[in-house]
Amino acid sequence: MKSKAEVVIIGGGITGCGVAYNLAKKGLTDVVLVEKNYLASGATGRCGGGIRQQFTTEWNIKLAMESVKKFEKMNEELGIDIEYEQGGYLIIAVEENEVKEFKKNVKLQNKLGLDSKFISPSEAKEIVPYLNEEDILGATFCQSDGHAYPFRVVEGYAKRAEEMGVEINRFTEVKSIKKENGEIKSVMTNRGEIKTNIVVNAAGGYSREIGKMVGVKMPNKPFRHEILATERYKHILDPMIISFKYGIYFSQQRHGEIVGGIGDPDEPSSYNTKSSLKFVERFTSVLGKILPAFKNLNIVRQWAGFYDVTPDAQPILGYTEGVDTLIQANGYSGHGFMVAPKVTELIAELIVDGKTSLPIDELNLKRFEGETVGEAYVVG
Ligand SMILES: Cc1cc2nc3c(=O)[nH]c(=O)nc-3n(C[C@H](O)[C@H](O)[C@H](O)COP(=O)(O)OP(=O)(O)OC[C@H]3O[C@@H](n4cnc5c(N)ncnc54)[C@H](O)[C@@H]3O)c2cc1C
């Protein structure tokens, strides 16, 4: 392991590997990435792989739209099949107030150039013929939303970054960060010290712990989210389906399995990643209601990971006041996979050029000193 680097990246999920790739692409290869486990062992390898642009804040919409442009070219750029499908996202409204809200959301999305639309239950049924449309009052749909395979994306970024000269250290845990007069001097790991001035905090649900290492208080908190995969079934579902009311999301993958999860409003913040029967019962009962054909599918696997949630459900990006060369790239609040391609490019621009092609000041950690208005829904 190198004992000195211009930049040290903490975390080997899509963010860390994406930043490593984008830095190398811009010519900065004196970079060391440290991951305490295997690559994609955090939220990235546990996520649903959903890529949606239908958000309620301008920032989330913009970051997702810019990221979709990158996902569309990723197979070619990274030289790996990321199993990207643009089958759309169908967001169903099951309550009257959602209809009004959804129409407002579509207006904002359309203003920013997104091709989303509000549709009737029968139009939703045309898109998903097996949908139980009786319980829905309408839906929003965006064809260019979709999903991809998270492990492949991470593998692609990591491989290309390594080929360009970045050093990636698996099973290497950051234990502390040395700082003098507000300046970072080195990162201490279980395998030794790496001298550096610039650290990227891409530690997902553990980002607040990295902040603590340099005396920086961060507002993001980890929340367990459970997820499962079923046996394979004939292909009957193109879009990812979500309901904000139920907190559910699910999609059918390329090989036929259904992957999905459901949020639990009573889940406390913790580092618990155990699986529960309660989750399976809640997920399957709502799944069967929305798409009865999936009611009797066998579940083959269930697991859990963290949503790294901020008070406004938008990411924390950029410099850290007081410890300027600690660069934040975390706090995605359950939708980091889909925005990471653009976020990681912006972080690389910030480090190499000192400025970004999209100004990200509004997403700085500093915003939490005041009042924040945020994303309305924290689901897939
Ligand atoms: C069940 C579930 C479903 C989800 N579904 C979606 C979805 O459909 N679409 C979407 O966009 N997002 C989804 N998300 C959110 C998404 O997974 C995350 O926002 C995204 O993966 C964050 O990536 P990351 O690289 O920032 O963090 P992570 O993937 O969590 O990576 C952080 C890494 O840092 C490492 N680390 C932590 N501390 C240290 C240390 N001290 N030293 C070294 N390494 C350290 C961890 O081991 C980890 O591998 C989901 C999340 C979950 C849990």
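Just so we're clear, the structure is a prediction, and the values are computed from it rather than from any experiment.

Cut-offs applied
- Residues numbered from 1 in each chain as written.
- Predicted model: local features only at pLDDT ≥ 70, side-chain atom pairs only at ≥ 80, totals over all residues.
- Heavy atoms only, no water.
- Pairing = 2+ DSSP bridges.
- Helix = DSSP H or I, 4+ residues; strand = E, 2+ residues; numbered from the N terminus.
- Axes fitted to C-alpha atoms, helices over the stretch in contact; angles between N-to-C directions.
- Contact = heavy atoms within 4.5 Å.
- Salt bridge = Lys/Arg side-chain N within 4 Å of Asp/Glu carboxyl O.
- Buried < 20%, exposed > 50% of the residue type's maximum accessible area, 1.4 Å probe, protein only.
- Expected span 1.5 Å × (residues − 1).
- Bend = angle between axes of the 7 residues up to and from the residue.
- Polar contact = N/O pair within 3.5 Å; in protein donor to acceptor, adjacent residues only side chain to side chain.
- Disulfide = S-S within 2.5 Å.
- Phe/Tyr/Trp six-rings, centres within 6.5 Å; stacked < 30°, edge-to-face > 60°.
- Near = heavy atom within 4 Å.
- Areas by Shrake-Rupley, 256 points an atom, 1.4 Å probe, with all protein chains shown as cover.
- Nonpolar A, V, L, I, M, F, W, Y, C, P; charged D, E, K, R; others polar.
- Domains from an automatic or database assignment.

Caption draft 1: Structural context of the sheet that holds strand 14 (residues 240-243). Spatially, eight strands are ordered 5-6-4-14-15-16-13-17 in an open sheet, and the strand pairing comes out mixed. Edge positions in the open sheet fall to strand 5 (116-119) and strand 17 (299-309), since each of these has one partner strand only. This sheet shows a mean twist of 20° between the axes of neighbouring strands, independent of strand direction. Examined bridge by bridge, strand 15 (residues 248-252) and strand 16 (residues 257-262) share five bridges and lie antiparallel to one another. Bridge assignment links Phe-250 to a residue of strand 16, and that residue is Gly-260. Seen against the sheet, helix 4 (residues 96-111) touches strand 4 (89-93), strand 5 and strand 6 (138-142) and runs at an angle of roughly 155° to strand 5.

Caption draft 2: Examining the pattern of salt bridges more closely. Overall, the coordinates contain 26 salt bridges when judged by the stated rule. The shortest N-O distance in the salt bridge between Lys-2 and Asp-30 comes to 2.8 Å. Here Lys-2 is found in the segment before strand 1 (7-10), whereas its partner Asp-30 is found in the loop between helix 1 (14-25) and strand 2 (31-34), with 28 residues between them in sequence. Residue class for Asp-30 comes out partly exposed when judged on its relative accessible area of 30%. A salt bridge links Arg-367 to Asp-312, with the shortest nitrogen-to-oxygen separation between them at 2.8 Å. Within this pair, whereas Arg-367 is found in the segment after helix 9 (336-353), its partner Asp-312 is found in the loop between strand 17 and strand 18 (316-320), the two being separated by 55 residues in sequence. Each of the two residues, Arg-367 as well as Asp-312, counts as buried.

Caption draft 3: Highlighting helix 1. End to end, helix 1 covers 16 Å across 12 residues, agreeing with the expected 16 Å (1.5 Å per residue, within 8%). Among the 12 residues of helix 1, 11 are classified as buried, and the element is accordingly described as predominantly covered. Here helix 1 has its buried residues at Ile-14, Thr-15, Gly-16, Cys-17, Gly-18, Val-19, Ala-20, Tyr-21, Asn-22, Leu-23 and Ala-24. After helix 1 finishes, the residue Gly-27 shows a positive phi value of roughly 100°.

Caption draft 4: Spotlight on the environment of Pro-150. Of note, Pro-150 is situated in helix 6 (residues 150-163). Taking the C-alpha atoms as reference points, Pro-150 and Ile-119, separated by 31 residues in sequence, lie 30 Å from one another.

Caption draft 5: Layout of helix 9. Its 18 residues give helix 9 an end-to-end C-alpha distance of 24 Å, which sits within 8% of 26 Å, the value for a rise of 1.5 Å per residue. Residue Lys-342 marks the point of greatest curvature in helix 9, where the axis turns by about 35°. Most of helix 9 sits out of view: 16 of its 18 residues are buried. In the stretch just after helix 9, Gly-354 is the one whose phi turns positive, near 80°.

Caption draft 6: Inspection of the side chain of His-147 at higher detail. Looking at where His-147 falls in the secondary structure, it is placed in strand 7 (residues 146-147). With a relative accessible area of 3%, His-147 lands in the buried category. A distance of 3.5 Å separates a polar side-chain atom of His-147 from the backbone oxygen of Gln-252. Excluding anything up to four places from it in sequence, His-147 contacts Gly-49, Gly-50, Ile-51, Glu-83, Tyr-84, Glu-85, Ser-251, Gln-252 and Gln-253.

Caption draft 7: Highlighting the state of the cysteines. For the structure on display, the rule yields zero disulfides. In this model Cys-17 remains outside any disulfide bridge; the closest cysteine sulfur is found in Cys-47, 13 Å from its own. The exposure class of Cys-17 is buried, given its relative accessible area of 0%. Here Cys-142 is not disulfide-linked; the sulfur of Cys-47 is the nearest cysteine sulfur, at 18 Å. A relative accessible area of 0% means that Cys-142 is categorised as buried.

Caption draft 8: Broad picture of the packing of aromatic side chains. Applying the stated criterion across every chain, the model contains 11 aromatic pairs. Measuring from centroid to centroid gives 6.1 Å for Tyr-149 and Phe-151, while their planes differ by 55°, and the two rings are tilted. Owing to a relative accessible area of 34%, Tyr-149 belongs among the partly exposed residues under this scheme. The exposure class of Phe-151 is partly exposed, given its relative accessible area of 35%.

Caption draft 9: Structural view of the site of the ligand. In the vicinity of the ligand, 38 residues are found, and the nearest of them are Thr-15, Glu-35, Thr-44, Gly-50 and Met-338. The contact in question runs from an oxygen atom of the ligand to an N or O atom on the backbone of Phe-337, over 3.1 Å. Coverage of the ligand by the protein amounts to 97% of the 1,000 Å² it exposes when considered alone. When residues of the shell around the ligand are traced back to their parent elements, those giving at least two are helix 1, helix 2 (43-46), strand 13 (221-232), strand 17 and helix 9. Across the shell around the ligand, the residue classes tally to 17 nonpolar, 17 polar and four charged. When residues are assigned to domains, the shell around the ligand turns out to be shared by domain 1 (7-46 + 151-220 + 312-369) and domain 2 (85-144 + 221-309), each giving three or more.

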